[in-house]
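Spelled out from the first residue to the last, the chains are:
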Amino acid sequence: MAVADQDTAVRTGLVTRVFIYGILLVFAAFYLLPLFVMLTNSLKPLPEITGGNMMALPDTWTFEPWRQAWSSAQIGVEPTGLKPYFMNSILMVVPAVAISTMIGALNGYVLTKWSFRGDKIIFGLLLFSCFIPFQIVLIPMASVLGKLGMAGSIPGLVLVHVVYGIGFSTLYYRNYYAVFPTELVRAAMIDGAGFFRIFWRILLPVSGPITVVCVIWQFTNIWNDFLFGASFGGQTQPMTVALNNLVQSSTGVKEYNVHFAGAILAALPTLLVYIVAGRYFVRGLMAGSVKG
Amino acid sequence: MGFLDIKNVTKSYGAVEVLHRVDISVQEGEFLVLVGPSGCGKSTLLNMIAGLEGISSGTISIDERVMNGVHPSKRNIAMVFQSYALYPNMTVGQNMTFGLEMHGVPKPEREAALKDVAKLLQIENLLDRKPGQLSGGQRQRVAMGRALVRQPDVFLFDEPLSNLDAKLRVDMRTEIKKLHDKLKTTIVYVTHDQIEAMTLSTRIAVMYQGYVQQLGTPKEIYDTPANVYVATFMGSPAMNVLPVRVVMRDGVPHAAVRAQDGAEQYLRFSQSNLAAWDGREILLGVRPEAITDPDGADRNSANIVPLSNRIGVTEPAGADTFVTMELGGRDVIARMRADANVVSGQDFTFAVNMEKAVAFDPASEERIAP
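Residues numbered from 1 in each chain as written. Chains lettered and ligands numbered in written order. Predicted model: local features only at pLDDT ≥ 70, side-chain atom pairs only at ≥ 80, totals over all residues. Heavy atoms only, no water.

(A) Expanded view of the overall build of chain B. The helix and strand tally for chain B stands at 8 helices and 22 strands. For chain B, the spread of C-alpha atoms along the three principal axes comes to 75 × 45 × 35 Å. Here chain B holds 370 residues, and 53% of them are scored as buried. Sequence separation of at least 24 residues holds for 66% of the intrachain contacts in chain B that already meet a minimum separation of 6. As presented, chain B carries roughly 16200 Å² of accessible surface, and 47% of it is formed by carbon and sulfur atoms. One finds the centroid of the 39 positive side-chain charges in chain B at a distance of 5 Å from the centroid of its 44 negative side-chain charges. (Helix = DSSP H or I, 4+ residues; strand = E, 2+ residues; numbered from the N terminus. Buried < 20%, exposed > 50% of the residue type's maximum accessible area, 1.4 Å probe, protein only. Contact = heavy atoms within 4.5 Å. Areas by Shrake-Rupley, 256 points an atom, 1.4 Å probe, with all protein chains shown as cover. Lys, Arg positive; Asp, Glu negative; His and termini not counted. Charge placed at Lys NZ, Arg CZ, Asp CG, Glu CD.)

(B) Highlighting the sheet that holds strand β20 (residues 347-353) of chain B. All names here are of chain B. Spatial strand order, β15-β20-β16: 3 strands in an open sheet with antiparallel pairing. At either end of the open sheet lies a strand with only one pairing partner, and these are β15 (291-292) and β16 (304-310). As paired elements, β16 and β20 share 7 bridges and run antiparallel to each other. From the neighbouring strand, valine 305 faces β20, where its bridge partner is valine 352. (Pairing = 2+ DSSP bridges.)

(C) Summary view of the domain arrangement of chain B. Residues and elements named next belong to chain B. On domain assignment, one finds that chain B holds domain 1 (4-233) and domain 2 (240-369). When each unit is reduced to the centre of its C-alpha atoms, the spacing between domain 1 and domain 2 is 39 Å. Counting residues at the interface gives 11 residues for domain 1, matched by 10 residues for domain 2. Summed over both sides, the interface of domain 1 with domain 2 buries roughly 890 Å², with 48% coming from carbon and sulfur. Taken together, the connections running from domain 1 to domain 2 amount to 1 salt bridge. In this structure, the salt-bridge partner of aspartate 223 is lysine 356, at a minimum N-O distance of 3.9 Å. In this assembly, domain 1 and domain 2 are joined by 6 residue pairs in polar contact (both at pLDDT 80 or more). When contributions to the side of domain 1 that touches domain 2 are tallied by element, the ones reaching two or more residues are α7 (218-223) and α8 (228-233). (Domains from an automatic or database assignment. Buried area = accessible area lost by both parts, 1.4 Å probe. Salt bridge = Lys/Arg side-chain N within 4 Å of Asp/Glu carboxyl O. Polar contact = N/O pair within 3.5 Å; in protein donor to acceptor, adjacent residues only side chain to side chain.)

(D) Broad picture of the interface of chain A and chain B. Each side of the interface is counted separately: chain A has 15 residues, and chain B has 27 residues. Between chain A and chain B, roughly 1800 Å² of surface is buried when both sides are summed, and carbon and sulfur atoms account for 61% of that area. Among the residues of chain A in contact with chain B, Glu183(A), Ile190(A) and Asp191(A) are the three that bury the most area, contributing 38% of the side total. Joining chain A to chain B, the criterion identifies 2 salt bridges. Taken together, chain A and chain B are joined by 8 residue pairs in polar contact (both at pLDDT 80 or more). Counting only elements with at least two residues in the side of chain A that touches chain B, the list comes to α8 (182-191) and α9 (195-203) of chain A.

(E) Structural view of the domain arrangement of chain A. All names here are of chain A. For chain A, the assigned domains read domain 1 (2-71) and domain 2 (83-286). Its C-alpha centre places domain 1 at a distance of 32 Å from the equivalent point of domain 2. Carbon and sulfur atoms supply 83% of the area that domain 1 and domain 2 bury against each other, a total of about 1400 Å² over both sides. Interface area lost by domain 1 to domain 2 is led by Met38, Leu46 and Trp70, which between them contribute 44%. Across the contact surface, domain 1 and domain 2 share 0 salt bridges. Our count for the contact surface shared by domain 1 and domain 2 stands at 2 residue pairs in polar contact (both at pLDDT 80 or more).

(F) Geometry of the UniProt feature "domain: ABC transporter" (unreviewed entry) in chain B. Mapped onto the present numbering, the UniProt feature "domain: ABC transporter" (unreviewed entry) falls on residues 4-234 of chain B. Within residues 4-234 of chain B, the helical portion is 37% and the strand portion 26%, while the C-alpha atoms at the span's ends are 25 Å from each other. (UniProt positions renumbered as here; feature names shortened; annotations may be inferred.)

(G) Looking closely at the packing of helix α4 (residues 83-113) of chain A against helix α7 (residues 154-178) of chain A. All names here are of chain A. Contact geometry of α4 with α7 gives a least axis separation of 6 Å together with a crossing angle of 35°. For the element pair α4 and α7, the recorded crossing hand is right-handed. Residue composition of the contact of α4 with α7, by class: 17 nonpolar, 11 polar and 2 charged. (Axes fitted to C-alpha atoms, helices over the stretch in contact; angles between N-to-C directions. Left-handed = near helix turned anticlockwise from the far one by under 90°. Nonpolar A, V, L, I, M, F, W, Y, C, P; charged D, E, K, R; others polar.)

(H) Focus on the pairing of strand β10 (residues 211-216) of chain B. Residue and element names in this part refer to chain B. Here 5 bridges tie strand β9 (residues 203-208) to β10, and the two strands are oriented antiparallel to one another. Within β10, the position partnered with valine 206 by the bridge is glutamine 214. Counted between consecutive antiparallel strands, the loop separating β9 from β10 contains 2 residues, among which glutamine 209 sits at a positive phi close to 50°.

Rendered as C-alpha cells:
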C-alpha cells in the first residue's frame, strides 16, 4: 500500500510539480514586481524615468536619489530629507514596542496564573481594544494628551501606541501562558519565588516564540501607523508622515526616483524585522495550538 | 498534639463544601497516605497543607505553628508534583537548588547540599542536563531531589508515580519507602492507588466525597474497615460484600446464606455481639483470600467453616487462581492456591475463614462487627 502510494506520488509528482512550481513562480514574480520597479527607478536619474520605460534597468546607475531622500529632499518646508523623521520613528517605535510587549506579558501572566474574580471580564474588555477603529479615539485622545502635556511629542505618541498595543500583546501572552503548566508556578511558589521572580525566572525564559510574534506585530503596526503620527506628532512626526509630505508635495517637479528611494527607506526596518525574526513568527503563532 | 495537625478543616468553593471537617494528626516521621477516588478532596487537602489553596475554616499547624495564611515558601515544606513540574529552562542542578537560592542560601552551601542529595539519589551524572533530556524515572528522581535538598519539615507528594509505567512505578515505590526509612521525615502522600497506600504508609486516610472515611494503620484499614466503602475500595480484588441473615444456632450467631442450588448454609460467626442481630439481615464482608480450598485454609484460624457451592469461572493468575461463584445472589470471588484443584461448573467445598469476616449494618453500611 505504502509502496503503491509512493509510486503514484512519484509519477504524478513530475507533471504536477512542474505545474505547481510554474504557478508559484508566476505569482512570486507578480508580487516582486513593485519592489523591482521601485528599486530600479530609485537608481536612475530622473530624465530616464520621465523619458523612458518604467520597467527598464537604469542606463546610468546612481545613488543620488537615495542620498537626497535621506538627507536633503524637501519635506514640507524644510530641506532636511527623511533622516530626522527616521530617528523620530525609531525613538517612538522602540519604547512603544518594548513597553507594550512587557505589559502584555505581565497581563498574560496575571490573567492565567494569578486569576482573580472577574479576570475573564477584564480580558474581554482588553480584547475590545483590538477592535476599536483608530479614528474614533482621535478627539478624546487629543484631549487626554493635551491634559497630560504630552501633545505633539514623542512620549505622547509612545503612550498612544502602548495603549493601543496592550490589547493585542495581552491576547498573545495570555493564550501562550494559558497552556503553560500551572504546577510549575506552584512549585516555584513553594521554592520561595515571588510574583516577579516567578515571571522573570520561570515564564519569561520560555516565552521566546511568543515574544517574537508580539514584537513583529507591534513593530510593523506602530512603524506603519500614519493617522496617530499625523494627528499627534506635532514637530516630531514619524517617518510615515514625512514620506507622505515628500511624495504629496504639490509644487515643483515630481522626483519619482527620490520618492521611490524614500518609500523603500520607510519600509526597510519592518522588512528587516521580518527577515531576522520571521523564522520564529510562524512557530510562535502555532505554539500551544498542538500539545507538543 | 501531632507534628502536623489538621483540625476541623473544611474547604468550600462558594456555597459548595468539598471537604467536611477533616481531623488528622500526624506524628513526626510518619508516612500518611491520603487515598481515594478522583474528586474525593485528597489533592485539595494536600494543597491546603502546602498553602496553595486557602483554608475555609479550621486550622492546619506544623510543629505547633499555625499555618493558616502563611505563604507556601514560609512553611518549610517541599512538594513533589504529579507532572514533576521541573523548570524546563534550567539544568537539573539549577532545578534542585532553585529553592535554596530563593531562600538566600549562599552558593557553597547550595553546592554541598546538591552534591549530597545527588549522591543519595544517584543522579550525579545528570546535574548538567535539562529536564527535557531525561527519562520519566530520572525526572521523578530529580523532582524528589529538589524536594530533599531543602530539608523540609514535611514532604508532600501529589500522585508522584502515576505518570510512570507499571514496572518503574513498583521500583520507585520501593525507593520512596527506602528513602523514608532512611530519612525519617514526615510525609503526606496522595494517591488513588490502594496498593501504594498499603505498601508505603504508616497510616492511611481513606477519603470519599470530601469525608475522611477512616484513618488508621494499613492493617486496621484492611482488616477492620469502618464501612462498606472502605472495605470495597481497599484490596484487590475487592472484598466480597453480600446480604445474609443472622440466625442463632446453639446460642452462636451464624450467617444464613443461599448457595447457587438454593440450599441455605450456615457460616458460624466468631463475633458473639452479632447475637443482637438475630433474625435480621446484615451485610457480610469476606476478603477473597479468606475463601480458599480446604487445604489452603489458614491453619492459625480457629474458625474455618466449610461451604459447598458450584464453581463459576476460574481465573488462573499465576501466583493465585481466582474462582468466581454465586452466593446470596452476588458474584463472590475466592482466592485459591495456584495449584488448587478447581474446575469450572463442578461442585466444590470451600473453606471460609470466618475469623476474618466483617459485618456491616445494611442501612448505614457502617461496620458492626468485629
